[in-house]
Every structure is written in structure tokens, then in C-alpha cells.
Amino acid sequence: DQAADFIQTTMDLLQKEGFTYSSVKLLHTISDQLKVAYSAGLNSSQTEAYTYRVGEGISGTVASSGQEITLFDTDKDPRFKDKMNLASGYGSYSFYCHPIRLNDTIIGVFSSLCPKGTRQQHEANSFFFQTLSPFIAQSLRITKKFDSVSKDFARENRRLQQELSGKKNIQNMIGKGSKMQAIFDQIE
């Protein structure tokens, strides 16, 4: 669907623009964990392993507080937990993490890591991500509605098929005359 394509395309464009990785992590309410739904710069095993509990690290803190966190220098903030070692050995990085809200409920976080630039670049990136985050939320809202409508159609289709399958039964046909009995015999 186009909304999901928008999110993945956004992640891919951020990587092309020099962001080491970007991800949209959605909150799974039963496990209380944030899991990667869309990403760029992560391989499939990293995507699978890249989870945070609510309250853990920057992503978990943003999910629990609902407040964005931006770090000019990840090396100087002990809250930054680089579980995948994406920032190690390559110099200093800046990190941006914003909550994703649907109807005032936090459903996930949008985060991105890039090589540290100037303070001015950091402020521009912070503003950019603050502006982009609502578009990602809206895309997720559209995706969620599309999934909901699709499930409703599938449910209604199954119900109608069950209803029709009962009506196709020969026992539901009415007729007592000899000509009708001959037709029934021929159908069987």
C-alpha cells in the first residue's frame, strides 16, 4: 500500500542523505516492546534483534514519556544504548528520536542516527525530524485503516460465502411434483 511505501521510501532516502540508519519502531502492547517495522541501514538479523522495552534507552524513554530526545553527541550521553554497535568505531554521532502518536496515543518511535556535524546542522536535523514525524504517524494511520477495512471486507466475504454455501444445498429446494422429483434426481 502507498502509505507503507511512503514510510519505507522515507527511510531509504534518509540513508542516501547520509543517515547511518533510520527506523520506525512500533509498540507491541502485549510485550511492552518496541520492534522495528520499517528501517534503512539495518540488515534483517539486526532488524529482528533491534528491540527496546518501554523505558529502556532513548527509544524506550521517548515511548514512555512522549517527548522527543535529540543528542548532539551520542558518546556523551549514557542513555544512548547502541545495541547493534552501529555507531562504534566510526567517530561521533548525533541521534534523533521522536514519538509517533495516533489519537494522542503513542504507538511507536521514529529514530535516526547520523555522523555528528555542526550544532547548526544538528538544529536543522532536529527541526526536520520534528516536522517529518507527524507525516509518518499519518501514514501509519492510513495503513492501519487500510488493514482494518481489508480485514472487514475479508470477514464479510467469509460470512457471505458461508451463507451462500448453505443455500446451495439440495435439501433447501422446494418442490413435490413428479417433474420436480425428476429434476432432484438428476441434480443428485
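Residues numbered from 1 in each chain as written. Predicted model: local features only at pLDDT ≥ 70, side-chain atom pairs only at ≥ 80, totals over all residues. Heavy atoms only, no water.

A. Structural view of the overall build of the protein chain. Secondary structure assignment for the protein chain yields five helices and six strands. Starting at the N terminus and ending at the C terminus, the protein chain contains elements arranged as α-β-β-α-β-α-β-β-β-α-α. Contacts spanning at least 24 positions in sequence make up 55% of the contacts within the protein chain whose residues lie at least 6 apart. With the model as given, the accessible surface of the protein chain reaches about 11600 Å², and the carbon-plus-sulfur share is 52%. (Helix = DSSP H or I, 4+ residues; strand = E, 2+ residues; numbered from the N terminus. Contact = heavy atoms within 4.5 Å. Areas by Shrake-Rupley, 256 points an atom, 1.4 Å probe, with all protein chains shown as cover.)

B. The sheet that holds strand 1 (residues 21-28), seen in detail. Reading across the sheet, the six strands line up as 3-2-1-6-5-4 and stay open at both edges, with antiparallel pairing between neighbours. Of all the strands in the sheet, the pair left with one neighbour each is strand 3 (51-53) and strand 4 (69-71). Each strand of the sheet is rotated relative to its neighbour by a mean of 20°, with strand direction disregarded. Relative to strand 5 (residues 93-102), strand 4 is paired through three bridges, and the arrangement is antiparallel. Bridging from a neighbouring strand, isoleucine 69 pairs with cysteine 97 of strand 5. (Pairing = 2+ DSSP bridges. Axes fitted to C-alpha atoms, helices over the stretch in contact; angles between N-to-C directions.)

C. Structural detail: the packing of aromatic side chains. Tallied over the full model, the rule gives four aromatic pairs. The rings of Phe19, Tyr96, Phe110, Phe128 and Phe129 are connected pair by pair, giving a single aromatic cluster. (Phe/Tyr/Trp six-rings, centres within 6.5 Å; stacked < 30°, edge-to-face > 60°.)

D. Representation of unusual backbone geometry in the model. The backbone of asparagine 103 shows a phi angle near 50°, a positive value even though the residue is not glycine. Along the chain, the position of asparagine 103 falls in the loop between strand 5 and strand 6 (105-115). Residue aspartate 104 is not a glycine yet carries a positive backbone phi of 65°. Structurally, aspartate 104 is set in the loop between strand 5 and strand 6.

E. Molecular detail of the nonpolar core. Formed by 19 residues in total, the largest nonpolar core has its most connected members in Met11, Val24, Tyr38, Ile100, Phe110, Ile136 and Leu140. Counting only elements with at least two residues in this core, the list comes to helix 1 (2-16), strand 2 (33-40), strand 5, strand 6 and helix 4 (119-167). Sorting elements by how many residues they give to this core places helix 4 first, with five residues. With near-sequence residues (within four places) excluded, phenylalanine 110 lies in contact with Met11, Leu14, Ser23, Val24, Tyr96, Cys97, His98, Ile100, Phe129, Leu132, Ser133 and Ile136. In this structure, Val62, Ala63, Leu71 and Leu113 belong to the second largest nonpolar core, which totals 17 residues. (Core = buried A, V, L, I, M, F, W, Y, C linked by side-chain atoms within 4.5 Å. Buried < 20%, exposed > 50% of the residue type's maximum accessible area, 1.4 Å probe, protein only.)

F. Geometry of the side chain of serine 133. One can find serine 133 in helix 4. Overall, serine 133 belongs to the buried group, its relative accessible area being 6%. A distance of 3.1 Å separates the side chain of serine 133 from the backbone oxygen of proline 99, its partner in a polar contact. Apart from the residues lying within four places of it in its own chain, the contact partners of serine 133 are His98, Pro99 and Phe110. (Polar contact = N/O pair within 3.5 Å; in protein donor to acceptor, adjacent residues only side chain to side chain.)

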